[in-house]
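What follows is the residue order along each chain.
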Amino acid sequence: MKKVISTTKAPSAIGPYSQAIQVGNLVYTSGQIPIDPATGVFVEGDIKEQTRQSLLNVKAVLEEAGLTMGDVVKTTVFMADMNDFVDMNAVYAEFFSEPYPARSAVAVKTLPKGALVEIEVVAGL
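Residues numbered from 1 in each chain as written. Predicted model: local features only at pLDDT ≥ 70, side-chain atom pairs only at ≥ 80, totals over all residues. Heavy atoms only, no water.

(A) Representation of the overall build of the protein chain within the structure. Within the protein chain, the regular secondary structure consists of 2 helices and 8 strands. Taking the principal axes of the C-alpha coordinates as reference, the protein chain spans close to 40 × 35 × 25 Å. Counting over 125 residues, the protein chain shows a buried share of 42%. When contacts within the protein chain are restricted to residue pairs at least 6 apart in sequence, those whose partners lie at least 24 apart make up 67%. When the accessible surface of the protein chain is split by element, carbon and sulfur atoms take 53% of a total near 6,700 Å². Side chains of the protein chain give 10 positive and 14 negative charges; the mean places of these two sets differ by 6 Å. (Helix = DSSP H or I, 4+ residues; strand = E, 2+ residues; numbered from the N terminus. Buried < 20%, exposed > 50% of the residue type's maximum accessible area, 1.4 Å probe, protein only. Contact = heavy atoms within 4.5 Å. Areas by Shrake-Rupley, 256 points an atom, 1.4 Å probe, with all protein chains shown as cover. Lys, Arg positive; Asp, Glu negative; His and termini not counted. Charge placed at Lys NZ, Arg CZ, Asp CG, Glu CD.)

Below, the structure is given as structure tokens:
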């Protein structure tokens, strides 16, 4: 049985999807882009600011499910430019500690609303 996870502390879905779904002991988040949920607009700044906001949005969704960033077992990071990897990684490291989750990081042609980064996670209860 699946359970929908939704919070106003993260941006609302911009399409026909849920912020997260819990199935059994796992929570799967949808990709979070750097929209400030308080204003509904992108945060100003470069990849660092956008990564930080995307991860804050992930954190808010997880908290709604009763989880923390320490419960994350897998992340996927989508970037518009792989040249931003070092700066993204520096901010990413502020949100996770050992043992780090498994991760994939890929460059894609474009992201929703022109974002520089989008991050999704899988977390275990």
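Back to the write-up after that little detour.
(B) Region of interest: the side chain of Thr-76. Looking at the element boundaries, Thr-76 is found in strand β6 (residues 72-79). A polar contact of 3.4 Å, which involves the side chain of Thr-76, links it to the side chain of Lys-74. Excluding anything up to four places from it in sequence, Thr-76 contacts Ser-104, Glu-118, Ile-119 and Glu-120. (Polar contact = N/O pair within 3.5 Å; in protein donor to acceptor, adjacent residues only side chain to side chain.)

(C) Broad picture of the packing of aromatic side chains. Throughout the structure, instances matching the rule amount to 1 aromatic pair. With centroids separated by 4.6 Å and ring planes inclined at 35 degrees, the aromatic side chains of Tyr-92 and Phe-96 adopt a geometry described as tilted. The two residues Tyr-92 and Phe-96 agree in class, both being buried. For the cation-ring pair, Arg-103 lies above Tyr-92, with the distance from its terminal atom to the ring centre recorded as 4.4 Å. (Phe/Tyr/Trp six-rings, centres within 6.5 Å; stacked < 30°, edge-to-face > 60°. Lys NZ or Arg CZ within 6 Å of the ring centre and 35° of its normal.)

(D) A look at the sheet that holds strand β7 (residues 102-107). The strand order across the open sheet formed by 6 strands is β1-β2-β3-β8-β6-β7, and the pairing between neighbours is mixed. Among the strands making up the open sheet, the edge pair consists of β1 (2-5) and β7. On average, each strand axis in the sheet is tilted by 15 degrees relative to the strand beside it, whichever way the strands run. Bridge count for β1 against strand β2 (residues 20-23) is 4 bridges, and the pairing is antiparallel. By the bridge assignment, Val-4 is partnered in β2 with Ile-21. (Pairing = 2+ DSSP bridges. Axes fitted to C-alpha atoms, helices over the stretch in contact; angles between N-to-C directions.)

(E) Representation of the pairing of β6 within the structure. Relative to strand β8 (residues 117-124), β6 is paired through 7 bridges, and the arrangement is antiparallel. Bridging across to β8, Met-79 finds its partner in Val-117. Sheet topology note: the β6/β7 ladder contains 6 bridges and is parallel. Residue pairing in the sheet places Lys-74 in a bridge with Ala-102 of β7.

(F) Spatial organisation of the packing of helix α1 (residues 47-64) against helix α2 (residues 85-95). Contact geometry for α1 and α2: axes closest at 8 Å, N-to-C directions at 35 degrees. In this structure, α1 crosses over α2, and the sense of that crossing is right-handed. Of α2, the residues touching α1 (which contributes Ile-47, Lys-48, Thr-51, Arg-52, Leu-55 and Leu-56) are Asp-87, Met-88, Val-91, Tyr-92, Glu-94 and Phe-95. In terms of residue class, the contact of α1 with α2 is made up of 7 nonpolar, 1 polar and 4 charged. (Left-handed = near helix turned anticlockwise from the far one by under 90°. Nonpolar A, V, L, I, M, F, W, Y, C, P; charged D, E, K, R; others polar.)

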